[in-house]
Amino acid sequence: MSYNIKAYELAENEINERRLKAKSLMQSRLNEIYLKIPEIKEISEQLSKTSIELTKLIIQKKTNFTERFNEIKTRNLQAQEMIDSLLRGNGYPADYLNTPYECVKCGDRGYVNGERCECFKRLLNKYETDKLNKSANMPGCDFKHFSLEYYKGIINDDGTDCYDTMLKIFSSCKNYAERFSLNSPSLFFLGKTGLGKTHLSVAIAKHAAQNGFNVAYGSLLNYLSAIEKEHFGRTDGSFDTMGAITNADLLVLDDMGSEFPTSFYEMVTYNIINTRINLGLPTIISTNLSLEELDKRYNDRIVSRIIGTYNILCFVGEDNRSVKRIGR
Ligand SMILES: Nc1ncnc2c1ncn2[C@@H]1O[C@H](COP(=O)(O)OP(=O)(O)O)[C@@H](O)[C@H]1O
Ligand SMILES: [Mg+2]
Ligand SMILES: [Zn+2]
């Protein structure tokens, strides 16, 4: 996927800050230890002398090179062991004087063997999805503010209790959010307007984002119109919505079916759904349309891909917007 330049800059800045922070933390630890355990300071000074010796040895290519090299190496190891045991003896962990990088793999440089490190890719994704999520700032849409009271005393068409159905849906959404991983299944929220589909999908998205996942949340309509503008060159080309949403750890597409039906939208919708299924990444889609309406509205292959791979949750009840106003 192509990332926009702004996301690159932000990711570079953050990784540089991480490295500097690790180094300055390391420096203050050194100062602290040198003061408390002066022997370690002496040993460290010896160690830096031997490293100069070693460099000289390599440059001069003396005949007894291997012998001297091994001797210096043994001395270094012994010095290192002494430092470790002094640290432990004074109640410090043995790795206290290792620079505390956030990513040990790349030492917060963002590169390993000339390739971008995983930590850098995660940062890039974070900044791409941050931009996508600006519109999804919905305070109050969380599990704590989801009430099952609204569903009490309502009987479903098939005679079952609405409350029981919604209790199951609520519990499985909460469970899903708490255990969310890249291997989580995809979910499809079906049901009339005002039943809490958007509320619960936002709650899951927030929870997953708090656990460090890159979450892209938005209405399908907004995404499609952004992708359309980018596709037909009506933007400055710096942002790749399609790339960012197909690669997010969790993608939430709200209100499928509210967009104007065009063949371009239908093709893009299929591509998004299909690409994420192929990548094995979880997606949550909500819609106010019934299965019959979906069937009429969309190409067979879209509906059959969803029904075949998503877990379907049918929301029931009366429009909670009006219930909220009346204050039942
Ligand atoms: N069970 C619930 N508890 C508290 N608020 C709810 C509940 N269900 C819906 N709401 C609120 O009612 C409004 C409409 O719900 P929403 O989730 O947008 O419905 P839908 O997406 O199913 O059309 C929102 O403000 C939402 O926070
Ligand atoms: Mg909704
Ligand atoms: Zn790294």
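Chains are numbered independently. Their residues run from 1 in the order of the written sequence. Written order determines the labels here, with chains lettered from A and ligands numbered from 1. Reporting in this predicted model follows two pLDDT cut-offs: at least 70 for local features of residues, and 80 or more for side-chain atom pairs to be given and counted; totals over whole chains, interfaces and linings ignore these cut-offs and use all residues.

Draft legend 1. How the structure looks around the overall build of the protein chain. Strands here mean DSSP runs of E at least two residues long; helices mean DSSP runs of H or I at least four residues long; both are numbered from the N terminus. Tallying secondary structure elements over the protein chain gives twelve helices and seven strands in all. Taken against the 2.2 N^0.38 rule, which gives 20 Å for 328 residues, the C-alpha radius of gyration of the protein chain at 28 Å runs more than 25% over that of a compact globule. This entry defines residue contacts through backbone-placed C-beta atoms, with two residues in contact when those atoms are within 7 Å. Contacts in the protein chain between residues far apart in sequence, at least 24 positions, make up 78% of those at least 6 positions apart. What the globule rule says is 2.2 Å times the number of residues to the power 0.38, and the radius of gyration is computed from C-alpha atoms.

Draft legend 2. A look at the pairing of strand 5 (residues 250-256). We call a residue exposed when 12 or fewer other C-beta atoms sit within 10 Å of its C-beta, buried when the count reaches 20 or more, and partly exposed for counts in between; the C-beta positions come from the backbone. The buried fraction of strand 5 amounts to seven of the seven residues, a majority that puts the element mostly inside the structure. For two strands to be treated as a pair, DSSP must find no fewer than two bridges joining them. In this sheet, strand 5 lies alongside strand 4 (residues 215-219) in parallel orientation, the contact comprising five bridges. Counted as the bridge partner of Gly218 is Leu253 from strand 5. Pairing of strand 5 with strand 6 (residues 283-287), which is carried by four bridges, proceeds in the parallel orientation. Residue pairing across strands places Met256 opposite Thr287, the latter belonging to strand 6. By definition, the crossover connecting two strands over a helix is right-handed if that path, from the first strand to the second, turns clockwise as seen with the strands pointing away from the viewer. For the handedness criterion, the β-α-β arrangement of strand 5, helix 9 (residues 263-279) and strand 6 is classed as right-handed.

Draft legend 3. Representation of the domain arrangement of the protein chain in the model. Marked domain ranges trace back to an automatic or database domain assignment. Under the domain assignment used here, the protein chain contains domain 1 (5-119) and domain 2 (137-326). Using C-alpha coordinates to define each centre, domain 1 is positioned 48 Å away from domain 2.

Draft legend 4. Spotlight on the site of ligand 1. Surveying the vicinity of ligand 1 reveals 16 residues, the closest of which are Gly196, Lys197, Thr198, His199 and Asn320. Counting only elements with at least two residues in the shell around ligand 1, the list comes to helix 6 (197-210) and helix 12 (320-326). Classification convention: Asp, Glu, Lys, Arg as charged; Ala, Val, Leu, Ile, Met, Phe, Trp, Tyr, Cys, Pro as nonpolar; all other residues, Gly among them, as polar. Per-class residue counts for the shell around ligand 1 are four nonpolar, nine polar and three charged. For each residue, a C-beta atom is placed from the backbone, and the residue counts as near a molecule or strand when that atom lies within 6 Å of it.

Draft legend 5. Quick look at the nonpolar core. Buried Ala, Val, Leu, Ile, Met, Phe, Trp, Tyr and Cys residues whose C-beta atoms connect them within 7 Å together make up a nonpolar core. Ranked by internal contacts, the top residues of the largest apolar core, which has 46 residues, are Ile204, Ala205, Ala208, Val215 and Leu250. Of the residues forming this core, the biggest block, seven residues, is contributed by helix 6. Listed in part, the ten residues of the second largest apolar core include Ala11, Cys119, Phe120 and Tyr127.

Draft legend 6. Structural context of helix 6. Working rule for helices: expected span equals 1.5 Å times residues minus one. For helix 6, spanning 14 residues, the distance from its first C-alpha to its last is 20 Å, which sits close to the expected 20 Å at 1.5 Å a residue. With 13 of 14 residues buried, helix 6 is to be regarded as a mostly interior element. Two residues or fewer past helix 6, Gly212 is found with a positive phi of approximately 90°.

Draft legend 7. A look at the packing of helix 7 (residues 220-231) against helix 9. To obtain each axis, a line is fitted to C-alpha atoms, and for helices this fit is confined to the stretch in contact; angles are then taken between N-to-C directions over 0 to 180 degrees. Following both chains from N to C, one finds helix 7 and helix 9 inclined at 105°, their axes separated by 10 Å at the closest point. One way to sum up the angle between helix 7 and helix 9 is to call them roughly perpendicular. Where helix 7 abuts helix 9, its residues Leu220, Leu224, Ile227 and Glu228 lie against Phe264, Tyr265, Val268 and Thr269. Its residues assigned to classes, the contact of helix 7 with helix 9 shows six nonpolar, one polar and one charged. Angles below 35 degrees are treated as roughly parallel, those above 145 as roughly antiparallel, those between 65 and 115 as roughly perpendicular, and all remaining angles as oblique.

Draft legend 8. Local environment of the pairing of strand 3 (residues 187-190). Along strand 3, one buried face is formed by Leu187 and Phe189 and the opposite face, lined by Phe188 and Leu190, is buried too. By the bridge criterion, four bridges tie strand 3 to strand 6 in an arrangement that is parallel. Within the sheet, the bridge partner assigned to Phe188 lies in strand 6 and is Ile285.

Draft legend 9. Seen up close, the packing of helix 5 (residues 162-178) against helix 6. Two elements in contact, helix 5 and helix 6, have axes separated by 8 Å at closest approach and are oriented at 20°. Classified by the angle between their axes, helix 5 and helix 6 sit roughly parallel to one another. For helix 5 against helix 6, the interelement crossing comes out right-handed. Between helix 5 and helix 6, the contacting residues are Cys173, Tyr176 and Ala177 on the first element and Leu200, Ala203, Ile204, His207 and Ala208 on the second. Residues belonging to the contact of helix 5 with helix 6 are distributed by class as follows: seven nonpolar, one polar and no charged. By definition, turning the near helix anticlockwise from the far helix through less than a right angle yields a left-handed crossing, and turning it clockwise yields a right-handed one.

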